Every structure is written in structure tokens, then in C-alpha cells.
Amino acid sequence: MTVETKPLVLDVDGTFLKTDMLFECFWASLGKRPLDTLSTALRNFTRPAVLKRELSEMAQLRTDLLPVNEDIKALADQNLEAGREVILASASDEALVSQLARDHGLSEQVFASNGQHNLKGAAKAGALVDAFGDGGFDYAGNEPVDVPIWEHSQNVVMVGDYPEIRESLTQQGKTVSQFEGGWHWRGLIKAMRPHQWVKNVLLLLPMLAAHDFSFSTLFLVILGIAAYSAAASTIYIVNDLLDLEADRLHATKHKRPFASGAVPISIGMIACAGLAVIALGIAAFLGWPFFAVVVVYMILSLAYSLRLKRMRWVDIAMLATLYTLRVVAGAAAGQVYVSGFMLVFIFPVFIALGCVKRMTELTLATTDDRLPGRGYGRKDIGDLLNMAGIGVVGALLIFFLYTLSDQARELYPQQWLLWVAMIPIAMWLIRMVRLGYFGRQDYDPIVFAMRDKRGIGLLLLTLSLMFYSAGIWQNLLGLN
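Since the structure is predicted, the reported quantities are computational estimates derived from the model, not experimental observations. (Residues numbered from 1 in each chain as written. Predicted model: local features only at pLDDT ≥ 70, side-chain atom pairs only at ≥ 80, totals over all residues. Heavy atoms only, no water.)

## Overview of a nonpolar patch on the surface
What counts is decided by this rule: Put simply, a patch holds well-exposed residues, over 30% relative accessible area, that have no salt bridge, with like charges counted together within 9 Å and Val, Leu, Ile, Met, Phe, Trp or Tyr side chains within 5 Å. Each accessible area is a Shrake-Rupley result for a 1.4 Å probe, and residues are judged covered by the shown protein chains and nothing else. Each reported salt bridge corresponds to a side-chain nitrogen of Lys or Arg within 4 Å of a carboxyl oxygen of Asp or Glu. The way it works is that DSSP assigns letters per residue, a run of H or I at least four long becomes a helix, a run of E at least two long becomes a strand, and they are numbered from the N terminus.
Taken together, Phe341, Leu397, Phe400, Leu401, Leu404, Trp416 and Trp419 make up a surface patch of nonpolar side chains, about 660 Å² in accessible area. Among the elements of the structure, helix H18 (381–403) and helix H20 (415–437) are those that each provide at least two residues to the nonpolar patch. Looking at the nonpolar patch element by element, the count peaks at 3 residues for H18. By the element assignment, Leu397 lies in helix H18.

## Here we look at the sheet that holds strand S5 (residues 155–159)
Applied cut-off: At least two DSSP bridges between two strands are needed for those strands to be called paired. Orientation is described by lines fitted to C-alpha atoms, with helices fitted over the stretch in contact, and by angles between N-to-C directions that extend from 0 to 180 degrees. Should any heavy atoms of two residues lie within 4.5 Å, those residues are counted as being in contact.
The 6 strands are arranged S3-S2-S1-S4-S5-S6 in an open sheet whose pairing can be described as parallel. Because the sheet does not close on itself, it has two edges, and the strands there are strand S3 (110–113) and strand S6 (175–179). Taking the axes of each pair of neighbouring strands and ignoring which way they run, one obtains an average angle of 15° across the sheet. Most of the contacts of helix H3 (residues 48–59) go to strand S2 (residues 86–93), to which it runs at about 95°, and overall it touches S2 and S3.

## Quick notes on the pattern of salt bridges
Definition in use: Only protein chains enter the accessibility calculation, which uses a 1.4 Å probe. A residue is then buried if its area is under 20% of the maximum for its type, exposed if over 50%, and partly exposed in between.
Summed over the entire model, instances satisfying the criterion amount to 20 salt bridges. For Arg358, the salt bridge identified is with Asp315, shortest N-O distance 2.8 Å. Taken together, the residues span a long stretch of sequence, with Arg358 in helix H17 (residues 340–364) and Asp315 in helix H16 (residues 314–334) at a distance of 43 residues. For Asp315, a relative accessible area of 0% corresponds to the buried category. The partner of Lys379 in a salt bridge is Asp380, and the shortest N-O contact between them spans 3.5 Å. We classify Lys379 as exposed; its relative accessible area is 64%. Each member of the salt-bridge network shares a partner with another, and the members are Arg193, Asp240, Asp247 and Arg256.

## A few points about helix H5 (residues 94–103)
Where we set the bar: Any N or O atom pair separated by 3.5 Å or less is treated as a polar contact, with the protein-specific requirement of one donor-capable and one acceptor-capable atom, and with residues adjacent in sequence counted only for side-chain atom pairs.
All buried positions along H5 are accounted for by Leu96, Val97, Ser98, Leu100 and Ala101. Taken together, the buried residues of H5 touch helix H1 (21–32), H3, S2 and S3. Between the side-chain oxygen of the N-cap and the backbone nitrogen of Ala95 there are 3.2 Å, and the N-cap of H5 in question is Asp93. Residue Gly105 follows H5 closely and has a positive phi angle near 65°.

## Focus: the environment of Lys52
Along the chain, Lys52 turns up in helix H3. Sequence spacing of Lys52 and Ser92 is 40 residues, and the spatial spacing of their C-alpha atoms is 6.7 Å.

## Digging into the environment of Gly115
Turning to its location among the elements, Gly115 is positioned in the loop between S3 and helix H6 (122–132). By relative accessible area, which is 14% here, Gly115 ends up buried. Taking the C-alpha atoms as reference points, Gly115 and Ser92, separated by 23 residues in sequence, lie 9.7 Å from one another. Every residue in contact with Gly115, bar those within four places of it in the chain, is listed here: Ala49, Val50, Arg53 and Asp93.

## A short note on the nonpolar core
One broad trend across soluble globular proteins is that nonpolar side chains are buried collectively. Heads up, the rule is: Only buried residues count toward a nonpolar core, which is a set of Ala, Val, Leu, Ile, Met, Phe, Trp, Tyr and Cys residues joined through side-chain atoms within 4.5 Å.
Counting residues in each nonpolar core, the largest one holds 78 residues, and the members touching the most others are Leu10, Phe16, Leu88, Tyr228, Phe290 and Tyr297. With 13 residues, the top contributor of residues to this core is helix H11 (residues 215–242). Apart from residues no more than four positions distant in its own chain, Tyr228 is found in contact with Asn200, Leu203, Phe290, Val293, Val294, Tyr297, Leu325, Arg326 and Ala329. Formed by 52 residues, the second largest nonpolar core is a distinct cluster that contains Leu353, Ile398, Tyr402 and Tyr412.

## Section: the side chain of Lys124
Within the secondary structure, Lys124 sits in helix H6. A polar contact is formed between the side chain of Lys124 and the side chain of Asp11, at a distance of 3.1 Å. When sequence neighbours within four positions are dropped, the list of residues in contact with Lys124 reads Asp11, Ala89, Ser90, Ala91, Leu119, Tyr139, Asp146 and Ile149.

## So, the packing of aromatic side chains
Spelled out, the test is: Whether two aromatic rings pair depends on their centres lying within 6.5 Å, for rings of Phe, Tyr and Trp, where Trp uses its six-membered ring; planes under 30 degrees apart make the pair stacked, over 60 edge-to-face, and the rest tilted.
Inspection of every chain in the model, using the stated rule, returns 13 aromatic pairs. Residues Phe213 and Phe467 carry aromatic rings whose centres are separated by 5.9 Å and whose planes lie at 75° to one another, so their mutual orientation is edge-to-face. In this pair, Phe213 is assigned in the loop between helix H10 (205–209) and H11 and Phe467 in helix H22 (residues 453–470), connecting sequence segments 254 residues apart. Taking relative accessible area as the criterion, Phe213 reaches 42% and is therefore assigned partly exposed. Where Phe215 meets Phe219, the ring centres are 6.3 Å apart and the plane angle is 20°; that geometry is what we call stacked. Within this pair, Phe215 and its partner Phe219 are both found in helix H11, separated by 4 residues, close to a single helical turn. By relative accessible area, Phe215 is classed as exposed at 65%. Exposure remark for Phe219: the relative accessible area of 41% places this residue in the partly exposed category.

Okay, structure coming up:
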């Protein structure tokens, strides 16, 4: 066999693909059949070949959407154009590997796990040597477990930097071609979505409403914000891992770290576990009431990610509930009283903003199809607008009723200023709905609100009027 006729054999996970098909199957099937997936994973944890076969059958993975390593893809295309056979060899399940080969026009002959034998490391090396002979192929891989295969290949293609392995193979007389691999911390940080932590300023609302500006209360609430931010990042990562296929079909979300393959799924899983420990640890320090709120938030968020976000209207109610829980969490962290009026007022506000979020996504969508992973299409924009309007009216009505309560009269002696404050509140809510309807927002209305200068001005005006009504400005400026 001449060098020109020797096949180029490509590993799949982490080499031809910028992802791992076992983890892809796990998260895809977890989103569809969570209990069956967990049962399968636990039952077959020590039988990887069986696990891969059963998960692949449940997941029904779209291999054509999986992110490829462009450098290795280009190498494969160059060899195909030169008339060379390019073969995939992977520890992933045979059905998926064959499907992937068809997607990219590669050889019909593949080497993969078959439900009984896990084709990895020495087992893969043996299968390739049996098929092509010692030195009868070139092999591209990306992990130290590929060393036994490289030792039997003619030439080596290495994805990633392993200096000691490269030197050892070079000393054996092999030609080593190296391609960039690995991942960067900035991708993982992006997946944690620190810009979304701004939502957790909602934890400050109870202490502001109670007019408790003591350092001790503020310190406890800041710790609560840190815990809630870690908990939120945990859920953001889980949500991204569950939404891989939907994100890859989305106009902009396909660039997310896990969907694009910029960060391995395994790294996301490790980060997710670490963030959960941090969140629950701080929550336990702040006391069991706050701990309970964080646990409820995480459970509801998981339920939302797994199922509820695909249910029309239920998803919006759940979004409003999760936002309202932040206010409850702020009260629990700072150990201050939160008024029932505040919670009842906050909920319809977030119902309106949940509708704004969906209207924005529909307006910015490029087709009339239903949003991937959601139950809404463009024909629903009118209904969403109506529901948003109901939320706005409901919130303003509840605020007005609050101004007539005994608690409001005690905290805000100048009652008429609360009525004036309703004007900028109404303007802000109507502005948010209007911008969402015309698609002039970010996909998250809360994050948008924190960057919207006009909106911030309206919110600050509202807060100033309420502070003046309570006599806070007078006390600070010595006007009393």
C-alpha cells in the first residue's frame, strides 16, 4: 500500500467535532425524557457501549447540526478532493457516527462502538490495525487516550498541545501535524452570563420598600445577590445544555459557547456543579428561609428548562414567578418584611415583561415558524400584546390600591406623591411593551431595562417621588 492510498482516519469527539456525542445525547434525551435518561445513565454507568446505544436511541440527535472543527473539516475536504478515503473512527455509537459520515460526505466505512464493545484507545487501535495493517493509515486525535492509535499510524494529526506526546511520537519517526484545540475561560464566563446578574438587583427592593438602609442589611442582601447569581448561572448553563439543538437553529443563539462548541459540554457540567455548591453554601450561611427560596428557585428553573418553557402561557407565568421569587429572596436575605401588595404588584409587571420577551423574539425571528423550543409563532403576537396590556393595567391598579392601604399611609405620609409616581411607572411599562412589540429590545427585557437610559430615568424619577413621599430626601438633606 502506497502512502497516497492509505486512508485518513479521524476521531470524532473533540477532533472532527467540537463536541462529544455522548454528552450531546445525554442532554438531548434529558430534555425529552428526563426520568428515563437518568435511569439509563445510572443503570449503565459501568457499561459505556450500552449507555451510548440507549442514549442515542432516545436522543434522536441531529448530527448535521453538531459543530465541526473547521481546520479538521478543511483537512478532510482537501484529502477527499485528492481522492483519498477519509474514515471516521470513534468511541461514540455506530449509528450516530455513520449518520455523521453521511452528513459530511465521508467514507461509508466507519469504526465505532456497537452497543457491546466500546471502541476507545487500545480497542480502536486494534480494530484499525486489523483493517489496514500497522502503519497503514494516518490518524487524527485529540487526547492522550489516542496514543496507542498514533503509535500504529503512519502519520499523526494532533488536535491540541501535548508536548511530551508529540516529542515521543517524533522520536519514533512519525510526522506530527498539530492543530489548535482546547477552550478558553472567556467562553465559560460568557456561558455563565454575568450580564444577567443585573436582574438580581431585585433583591434590593424589600429593603428599599422597608426604608431599611443599614449596612448590616445591605451586606446580607449583597451576599444574597452573590448566592442568587451563582444559582442563576447554574441554571443558565443547564438551560443552554438542554437547548443545544434549538440554539443551533436560532439566528443568534447558535453562537453560544456550548452550541458552537467553543466550550466542551463536560466543562459546563463541572462548572454547573461548582456554581450550585457555591450558591447553596452561601444560602445556608444566610439562613434556612433564604436557603429554601434558593432551592425552590432552582427546582422551578429546572422544571422550566425541562418542560414548562415549551408550554404556551405557562412559560410566561413561570418567568413572572421566578422574577417574583427574587423579591422574596431579598426579604429573606436581609431579614426585612415584604408587603403582600409588593408581591402582587410585581407579578403582573413580570407577566407583562414575559410577554415582551416573547414578542421581541417573534419580531426578530427570520421565519414564520414557531420559535425553536417554544410554543409561539408570529400569529401569537397580538395575544401577547393583549396579555402584556392586562399586566400593565393590573400592576397599576394594584399600586393604586396599595396607596390607599394603612401601610402606605404610614410609610408615605404625602400620599398624593404616590399617585404622581404612577405616571412614570405607567410610562416605563408602556415603553417596554412598545419597544418589545416593534423588536427594538434585547431578548431579555430586564437586561435591556438596565441599559435603557430613558427607562432608567423613568425608574429613578419614580423612586425619587416615592422617597420624597416617605420623607427620606427631607431627612437626608436636612429639610425637616
